[in-house]
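Structural overview
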Amino acid sequence: MSRAPMWRAIVALGVIAASLFFALTQSARLGLDLRGGTQIVLETKDSPVVKADAESTQRALEVLRQRVDALGVSEPSLYRSGQQRIFVELPGLQDPREAAEVIGRTAQLTVHPVRGVTEKPDENRGKPAEDGSRTLADPDQKGAFLKLGPTALTGEGVKDAEAVLDQQTMSGWMVNLTFRGQAGKDWARVTGAAACAPQGAPERRVAIVLDGKVLSAPGVNADVACEVGISGGSTQITGGFGRAEARDLAALVKGGALPVPVEVVEQRTVGPTLGADAIAASTQAAIIGLALTGLFILVVYRLLGALATIALALYGLISYAALVALGATLTLPGLAGFVLAIGMAVDANVLVFERAREEYLAVRALKSAPAASAHLDKPLRIGFGKAWSAVVDSNVTTLLAAGLLFFFATGPVKGFGVTLSIGVLVSMISALVITRVLADFAIRRRFVRGRPGLTGITSTGRVRSWLARRKPRLVHHRRRWLGVSGLLIVVAVAGIGLRGLDFGVEFTGGRLVEYSTSRPVDVDAARTAVMDAGFPRALVQESGDGDISVRTGELSNDQQHTIQTALAKEGGEVTVERDELIGPSLGDELRRHALIALGIAVATQLIYLSVRFRWTFAAAAVSAMVHDVLLVVGLFAWLGKPVDSVFLAALLTVIGYSVNDTVVVFDRVREARRRDPAADLETTANNAVIQTLPRTVNTGMGALFILAALAVLGGDSLADFSVALIAGVVIGMASTVFTAVPIAVQLEGSHPAPPVRPQRSEDGEDRGPRSPLERRGRARDSGAVV
């Protein structure tokens, strides 16, 4: 007796046990779009003396880490991405104005002797000379400017900075500075030189400058000796600061100057209620979608369907455990990917069950029914063996799309690529290992052997019975179907050309803010309020359940606060639910990356399919894939829905799903042609379509249950995503039959493959050349032809 079932059971139990351990001992790391907070993406720029590279960016990251720690945000996260990007995540922070100001300032602290006072700024407009001398506005006298001498010392000499309340004069907050080493001596020298000037003279003052602005320019006290100065290695910065201002200044000085300037290229803020609602809605959608999908396959496949439902529940456990074990961040699109992969897990089960059903019915047609009923294990074993190739090919194409999302997407959408990849890999374990262990155990029970109808593979099935009665010649009318496909493409392209695409803020740059109000606000009143606040070009729309969204070009944090204040006059208390700021350079980059991702998706699918099939089949599959993409994009153009990074995630998923469907049919064509190379290709292709159509319908229904639940319950954040995928699934199911297969038959007709005579052994078995995967299937005596 083979030990393979025992080893499969051991592997399954081991995976489940490990998954339980990780799921019970670790918590998922939620992205800011699920737990609320602010994410700021900074890009370092070249300074006159320092080039912005990985080394200088890393130094800037360490400086920023000290500044963020001083903000008092709980569990902040800072990390470098690439050569010049720094990601700053601040959970719970809803007003990014203070954080962006503190984080983005260069904080170059310098100390200068004052050489005189003038009423006019210099021609350099405050820019320093080579020795650091410059002319800047006097903070103590309006309209006056201080002539500053060369830099005496810099912020690098500051050992510590602390915000303290002036207990002596009670004049407010100030910042205590403590110098290190030579900096203390330099401070004594510059103050000693200033002490030699007469009382009241400008030259008796010492200016403390931060980022080109004089913070304080105090005069040296009369008790300080000439040429001796202030010793002790410390001083104070005064200037009528408030507590928060003094604290921020101390953080900037203590953190030190950034080695290179930084620019905010992206900023996202999500309210805490929006993230909580998204988690609740997505969880509810996952439960309902899983229940409907489980009920569907239970009705269609009975006992095996029930076992597959158990395997699907275990799939959810294993996927979650893999996510927390890898330390991956779960984002809202990632949560959708997690739910969507349930439908892909159903696909592998359906492939196996339909194969097993075909094998059982074929045996029953040759033998008596009782004899066939006694052997449920062989059809199931052959079903798993024959489905292996199609499962691998279809999942690889999906993984290629998910990998592109991981490398080319940004922000939360990157999480979709991660969870989709995990889901696809786990779905193979769920279907090919766990479901098989459960099925092997079940069909060996005497109760099941005596009632083979319980398994669900002994009946023909409604779709298969209908096809057997009608015997449609779908491929025979291929020119008609190709004409319809061409017409649909024309309609889609016309929508793109006439109505255009509503690119989201990620691709155009700008700012999109979504506000919720305590009182209902009419969108026209909101539009008037925003216009009166000084933003006549802002696009104001209603969003979600009574919320107001405002989209503009470049908009500072202070200007965003101005809009929020204007809306408060109409709607009472106003809360920022979502805030996305994308710099123009990043918008161009994301748009370029989106096109690159789509181009690479097409190329990689073509290359992979050319390796697995003939180039004619590969070209047909890719043509159908491009057809599906154009129709989905055209649909969004006609509907006026936004094309953003979430839509890109949906589009790449459609690519994987489209090729997935096509591969299953082509795999069946390849198998049939190897058995009988001389058979008519049109007939072979038509039979392959009819044989796989039940799988296509059943798999599509499983995915549509999930997507419909997401569309209805997932909220605005996932509604458009779900609509794109629903359209992609329906179009992909149709294009496999009416576009991919007709194109393949046409190409094979004009570019036929060279004839291959199968080599057969004495027992009649085909011994022609096979791939290593096929040889492995034969060696296991699985009966697989893949």
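Now for a quick tour of the structure. Note that the structure is a prediction, hence the values are computed from the model and not measured. (Residues numbered from 1 in each chain as written. Predicted model: local features only at pLDDT ≥ 70, side-chain atom pairs only at ≥ 80, totals over all residues. Heavy atoms only, no water.)

1. Side note on unusual backbone geometry
We note that E227 has phi near 65°; this positive angle belongs to a residue other than glycine. By secondary structure assignment, the location of E227 is in the loop between β12 (213–216) and β13 (234–241). One non-glycine residue with positive phi stands out, namely R302, at about 55°. Relative to the elements of secondary structure, R302 occurs in helix α7 (residues 272–326). Residue classification places R302 among the partly exposed residues on the basis of a relative accessible area of 39%. (Helix = DSSP H or I, 4+ residues; strand = E, 2+ residues; numbered from the N terminus. Buried < 20%, exposed > 50% of the residue type's maximum accessible area, 1.4 Å probe, protein only.)

2. Brief notes about the packing of aromatic side chains
The full count for this structure, using the stated rule, is 10 aromatic pairs. Here W481 and F738 contribute two aromatic rings whose centre-to-centre distance is 4.7 Å and whose plane-to-plane angle is 55°, an arrangement assigned as tilted. Here F738 lies in helix α22 (residues 716–750) and W481 lies in helix α14 (residues 478–498), a separation of 257 residues in the sequence. For W481, a relative accessible area of 22% puts it in the partly exposed group. The exposure class assigned to F738 is partly exposed, which follows from its relative accessible area of 27%. Between F636 and F647, the ring centres sit 4.5 Å apart and the planes meet at 40°, which makes this aromatic pair tilted. One end of the pair, F636, is in helix α19 (residues 615–639); the other, F647, is in helix α20 (residues 645–675), with 11 residues separating them in the sequence. Each member of the pair, F636 as well as F647, carries the same accessibility label: buried. Among the aromatic residues, ring-to-ring pairing joins F613, F617 and F666 into one connected group. (Phe/Tyr/Trp six-rings, centres within 6.5 Å; stacked < 30°, edge-to-face > 60°.)

3. A few points about a nonpolar patch on the surface
On the surface, L487, V490, V491, L498 and W638 cluster together into a nonpolar patch covering about 530 Å² of accessible area. It is α14 that contributes the most residues to the nonpolar patch, 4 residues altogether. (Patch = residues over 30% accessible without salt bridge, like charges linked within 9 Å, V, L, I, M, F, W, Y side chains within 5 Å. Areas by Shrake-Rupley, 256 points an atom, 1.4 Å probe, with all protein chains shown as cover. Salt bridge = Lys/Arg side-chain N within 4 Å of Asp/Glu carboxyl O.)

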